[in-house]
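As a plain string of letters, each chain reads:
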Amino acid sequence: MRAVVHDRYGPPEVLRLEDVERPVPKDDEVLVRIHATSVNRSDSGWRSAKPWFARFFTGWRGPKRRILGGELAGEVEAAGASVTEFAAGDRVFGAIGFGAHAEFVAVRASRALAHMPAGVTFEEAAAVCDGFILAFGCLKPARLEKGRRILVYGATGSIGTAAVQVATHLGADVTAVCNTKNVELVRLLGADRVIDYTTEDFTKNGETYDVIFDAVGKHSFRRCRRSLTPGGMFITTDGGFMWHVPVLILLTRWFGDKRVLLPVPEYTKADVLVLKELMEAGKYRAVIDRRYPLEQVIEATRYVETGQKTGNVVLTVAGESGS
Ligand SMILES: NC(=O)c1ccc[n+]([C@@H]2O[C@H](COP(=O)([O-])OP(=O)(O)OC[C@H]3O[C@@H](n4cnc5c(N)ncnc54)[C@H](OP(=O)(O)O)[C@@H]3O)[C@@H](O)[C@H]2O)c1
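Just so you know, the residues in each chain are numbered from 1, in the order the chain's sequence is written. Where local features are concerned, this predicted model is filtered to residues with pLDDT of at least 70; where side-chain atom pairs are given and counted, the filter is 80 or more; whole-chain, interface and lining totals use all residues.

## Brief notes about unusual backbone geometry
For residues that are not glycine, phi is negative in most cases, and the peptide bond is trans in most cases.
Here is step 1: Backbone geometry places Ala49, a non-glycine residue, at a positive phi of 55°.
Here is step 2: Summarising the element assignment, Ala49 is placed in the loop between α1 (41–48) and α2 (55–58).
Here is step 3: Phi at Arg143 takes a positive value of approximately 45°, unusual for a residue other than glycine.
Here is step 4: Starting at the N terminus, helices and strands are each numbered in turn, a helix being any DSSP run of H or I of at least four residues and a strand any DSSP run of E of at least two. With respect to the helices and strands, the residue Arg143 is situated in the loop between α4 (129–139) and β8 (149–153).

Put into structure tokens, the structure is as follows:
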């Protein structure tokens with residue numbers, strides 16, 4: 001089968017398409033024929049081994065896992081003897097961490113994999129799991145419900161577009177901060193108010209929020225803290241490798257009435273099932289910026305690494321167009 005492989009850490013150019021052996025599913029695994037996958041910030045982090053501690057997971061001297069690709073949508077080609085949840089021909093989607101930049105992948109059936117939501121294309125299904133699970137997991141401590149006010153900073157990224165939809169679904173009052181060109185999109189995703197960061201600084205308008213979610217890791221507790229209500233939370237997605245964020249997490253746990261959190265959510269089947277339900281109910285949609293064929297993985301990765309994609313970037317496999 002064809003797969004995108006890499007044998008050393010480095011820039012997008014270390015990726016190359018190669019013929020590799022098709023995996024054989026074990027008893028508790030399914031073999032998935034991949035129709036679409038994505039390129040996201042985690043793929044970039046694993047490939048470049050940045051931040052440095054990524055090497056604890058991906059291999060100290062070089063990549064242990066040659067094939068990247070954390071999200072997938074496709075069809076079950078074969079199911080192992082002990083698998084009862086899936087059968088050949090089932091359409092599935094999920095977040096598996098590695099291995100999806102290929103024509104086939106073998107995945108344990110118990111992992112974050114579920115039947116695809118009805119009425120959704122392979123491309124859409126491949127573009128939703130990572131952002132949703134990270135946003136949903138990061139927002140769990142925020143106890144969002146009707147009457148709680150949240151500001152989502154970086155509302156146009158993969159995690160940001162998911163966060164706006166999750167917070168809206170939970171009934172919170174949502175203010176989204178983004179660039180001029182995406183104001184309309186973010187409104188369509190459900191934001192009650194949108195602040196264009198090119199014309200307004202939300203930290204200076206006197207408004208306060210129960211939760212400020214920095215979905216893109218570009219803001220700071222220091223600058224935001226006066227925009228938080230007493231008891232408020234600053235939740236960030238990034239900064240674990242900058243010394244001050246872990247220190248702030250500890251300090252705000254014991255001192256003051258505002259907290260800093262940096263959750264690191266796990267991919268779970270339960271969360272994929274929640275997402276499936278929301279999509280089928282029309283309460284969550286995929287936001288896809290660009291689509292590339294698998295062969296153009298380097299171009300797709302370069303685009304992701306501009307840090308300016310809107311939502312998600314999809315890779316289509318074997319010329320699939322999505323339906
Ligand atoms: N906590 C975890 O477990 C975890 C896991 C994976 C990733 N992450 C982190 O989560 C962060 C977000 O990832 P992502 O994939 O959602 O990012 P992304 O999709 O690459 O974010 C890109 C978006 O961010 C917006 N943006 C860029 N700079 C901005 C700024 N200064 N102010 C406001 N918006 C800005 C861009 O819009 P404009 O440029 O048009 O404004 C673009 O739409 C990353 O830092 C990543 O390292 C965390």
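## Some details on the packing of α4 against helix α9 (residues 269–280)
Here is step 1: At a minimum axis distance of 10 Å, the contact between α4 and α9 shows a crossing angle of 110°. Judged on the interaxial angle alone, α9 and α4 are roughly perpendicular. Of the residues in α9, those in contact with Cys129, Phe132, Ile133 and Phe136 of α4 are Asp271, Val272 and Leu275.
Here is step 2: Note on residue categories: nonpolar means Ala, Val, Leu, Ile, Met, Phe, Trp, Tyr, Cys or Pro, charged means Asp, Glu, Lys or Arg, and polar means any other residue, Gly included. Classifying every residue of the contact of α4 with α9 by side-chain character gives six nonpolar, no polar and one charged. Orientation is described by lines fitted to C-alpha atoms, with helices fitted over the stretch in contact, and by angles between N-to-C directions that extend from 0 to 180 degrees. With respect to orientation, any angle under 35 degrees is reported as roughly parallel, any angle over 145 as roughly antiparallel, any angle of 65 to 115 as roughly perpendicular, and every other angle as oblique. Each residue gets a C-beta atom placed from its backbone, and two residues are in contact if those atoms lie within 7 Å.

## Here's the deal with the pairing of strand β3 (residues 29–39)
Here is step 1: Counting other C-beta atoms within 10 Å of a residue's own tells you its class, since 20 or more makes it buried, 12 or fewer makes it exposed, and anything in between is partly exposed; those C-beta atoms are placed from the backbone. In terms of burial, β3 is a largely internal element, 11 of the 11 residues being buried.
Here is step 2: A pair of strands is considered paired only if DSSP assigns at least 2 bridges between the two. Pairing of β3 with strand β4 (residues 71–79) involves seven bridges; the strand directions are antiparallel. Of the residues in β4, the one forming a bridge with Ala36 is Ala73.
Here is step 3: Pairing geometry for β3 and strand β15 (residues 312–316), over four bridges, is antiparallel. Looking across to β15, one finds that Val39 is bridged to Val313.

## What about the site of the ligand?
Here is step 1: Being near a molecule or strand means, for a residue, that its backbone-placed C-beta atom lies within 6 Å of it. Near the ligand, the surroundings consist of 25 residues, among which Thr156, Gly157, Ile159, Gly217 and Thr237 are the closest.
Here is step 2: Looking at which element gives the most residues to the shell around the ligand, the answer is helix α5 (residues 158–169), with three residues.
Here is step 3: Of the residues that constitute the shell around the ligand, the class distribution is eight nonpolar, 13 polar and four charged.
Here is step 4: Of the residues that make up the shell around the ligand, three or more belong to each of domain 1 (2–128 + 286–316) and domain 2 (131–261). Each domain span listed reflects an automatic or database assignment of domains.

## Remarks on the sheet that holds strand β10 (residues 193–196)
Here is step 1: In space, the six strands of this open sheet follow the order β10-β9-β8-β11-β12-β13, with parallel pairing throughout. With partners counted over all chains shown, the strands left at the sheet margins are β10 and β13 (259–261), one partner each. If you compare each strand with its neighbour and ignore which way they point, the axes differ by 20° on average.
Here is step 2: Its contacts with the sheet put helix α8 (residues 244–254) on β12 (228–236) and β13, and the angle it makes with β13 is roughly 140°.

## As for the domain arrangement of the chain
It is common to give the size of an interface as the accessible area that goes away when the parts come together.
Here is step 1: When the domains of the chain are assigned, the result is domain 1 (2–128 + 286–316) and domain 2 (131–261).
Here is step 2: On a C-alpha basis, the centroid separation for the pair domain 1 and domain 2 is 28 Å.
Here is step 3: Listed per partner, the contact involves nine residues of domain 1 and nine residues of domain 2.
Here is step 4: Residues of the side of domain 1 that touches domain 2, tallied by class, amount to five nonpolar, four polar and no charged.

## Here's the deal with the packing of α4 against α5
Here is step 1: Contact pair α4 / α5: the axes reach a minimum separation of 8 Å and the direction vectors enclose 60°. In this view, α4 runs oblique relative to α5, as classed from their interaxial angle. For α4 against α5, the interelement crossing comes out right-handed. Contacts between α4 and α5 pair Asp130, Gly131, Phe132, Leu134, Ala135, Phe136 and Leu139 from the former with Ser158, Ile159, Thr161, Ala162, Ala163, Val166 and Ala167 from the latter.
Here is step 2: The class makeup of the residues in the contact of α4 with α5 is 10 nonpolar, three polar and one charged. Handedness of each helix crossing follows the sense of rotation of the near helix against the far helix: counterclockwise by less than a right angle gives left-handed, clockwise gives right-handed.

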